[in-house]
Amino acid sequence: NPFNPATKFSYSIPKDLKVTLEVFDMTGRRIAVLVDKYQISGQYQVDYNASGLSSGVYIYRLSSEYQTISRKMMLLK
């Protein structure tokens, strides 16, 4: 999953929910909030440009009231 310096997050939600998509560094510091709003059911895609960040491993977290998904991603410059 390496990216340089941009990536896309794709997700779908089954019903209308408040959704949050955040990016963290490995120390747990929040780097970016990409989505933090109520969304209607459907498919979504969010572009993220990490050109201001250093190479390394980051964590993204997609959360709603029903589920939270966290995954690692690697930025290579």
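Shown above is the structure to which this text applies.
First, a word on scope: everything that follows refers to the structure included in this document.

Cut-offs and rules
Residues numbered from 1 in each chain as written. Predicted model: local features only at pLDDT ≥ 70, side-chain atom pairs only at ≥ 80, totals over all residues. Heavy atoms only, no water. Helix = DSSP H or I, 4+ residues; strand = E, 2+ residues; numbered from the N terminus. Buried < 20%, exposed > 50% of the residue type's maximum accessible area, 1.4 Å probe, protein only. Polar contact = N/O pair within 3.5 Å; in protein donor to acceptor, adjacent residues only side chain to side chain. Contact = heavy atoms within 4.5 Å. Core = buried A, V, L, I, M, F, W, Y, C linked by side-chain atoms within 4.5 Å. Salt bridge = Lys/Arg side-chain N within 4 Å of Asp/Glu carboxyl O. Phe/Tyr/Trp six-rings, centres within 6.5 Å; stacked < 30°, edge-to-face > 60°. 1 Å grid on protein atoms, 1.4 Å probe; cavity = no way out; pocket = protein on both sides within 12 Å on 5 of 7 lines; lining within 4 Å. Points joined across faces, edges and corners; volume = space filled by probe spheres on them.

### Thoughts on the side chain of Asp25
Along the polypeptide, Asp25 turns up in the loop between strand E2 (17-24) and strand E3 (30-39). For Asp25, a relative accessible area of 11% puts it in the buried group. Side chain to side chain, Asp25 and Thr27 meet in a polar contact 2.6 Å long. Within the local environment of Asp25, its side chain forms a polar contact with the backbone nitrogen of Arg29, the two atoms lying 2.9 Å apart. In this view, Asp25 contacts Ile31 and Tyr58; residues no more than four positions away in its chain are not counted.

### Quick notes on the nonpolar core
Side chains that are nonpolar tend, in soluble globular proteins, to be buried together. Ranked by size, the top nonpolar core spans 18 residues in total, and within it Tyr11, Val19, Tyr48 and Met73 carry the most contacts. Contributing elements (two or more residues each) for this core: strand E1 (6-13), E2, E3, strand E4 (42-49), strand E5 (56-63) and strand E6 (68-75).

### Overview of the pattern of salt bridges
Counted by the stated rule, this structure contains five salt bridges. Between Asp36 and Lys18 there is a salt bridge, with the nearest N and O atoms lying 2.5 Å from each other. On the criterion of sequence distance, the pair formed by Asp36 in strand E3 and Lys18 in strand E2 is long-range, its members being 18 residues apart. Note on Asp36: relative accessible area 47%, which makes it partly exposed. Classification of Lys18 as partly exposed rests on a relative accessible area of 47%. Three or more residues joined by partner-sharing salt bridges are found here, namely Glu22, Arg30 and Arg61.

### A few points about the packing of aromatic side chains
The tally for this structure, following the rule as stated, stands at three aromatic pairs. Relative to Tyr48, the ring of Phe9 has its centre 6.4 Å away and its plane inclined at 40 degrees; by these criteria the two rings are tilted. In this pair, Phe9 sits in strand E1 while Tyr48 sits in strand E4, placing the two residues 39 residues apart along the sequence. The exposure class assigned to Phe9 is buried, which follows from its relative accessible area of 7%. Every member of this aromatic cluster is reached through a ring pair, and the members are Phe9, Tyr48 and Tyr60.

### Overview of the layout of surface pockets
Roughly 190 Å³ of internal volume is contained in the largest pocket. Along the wall of the largest pocket there are 14 residues; nearest its centre are Ser12, Ile13, Pro14, Ser64 and Gln67. Of all the secondary-structure elements, those providing two or more residues to the lining of the largest pocket are E1, E2, E5 and E6. Element by element, the count of residues in the lining of the largest pocket is highest for E1, at three residues.

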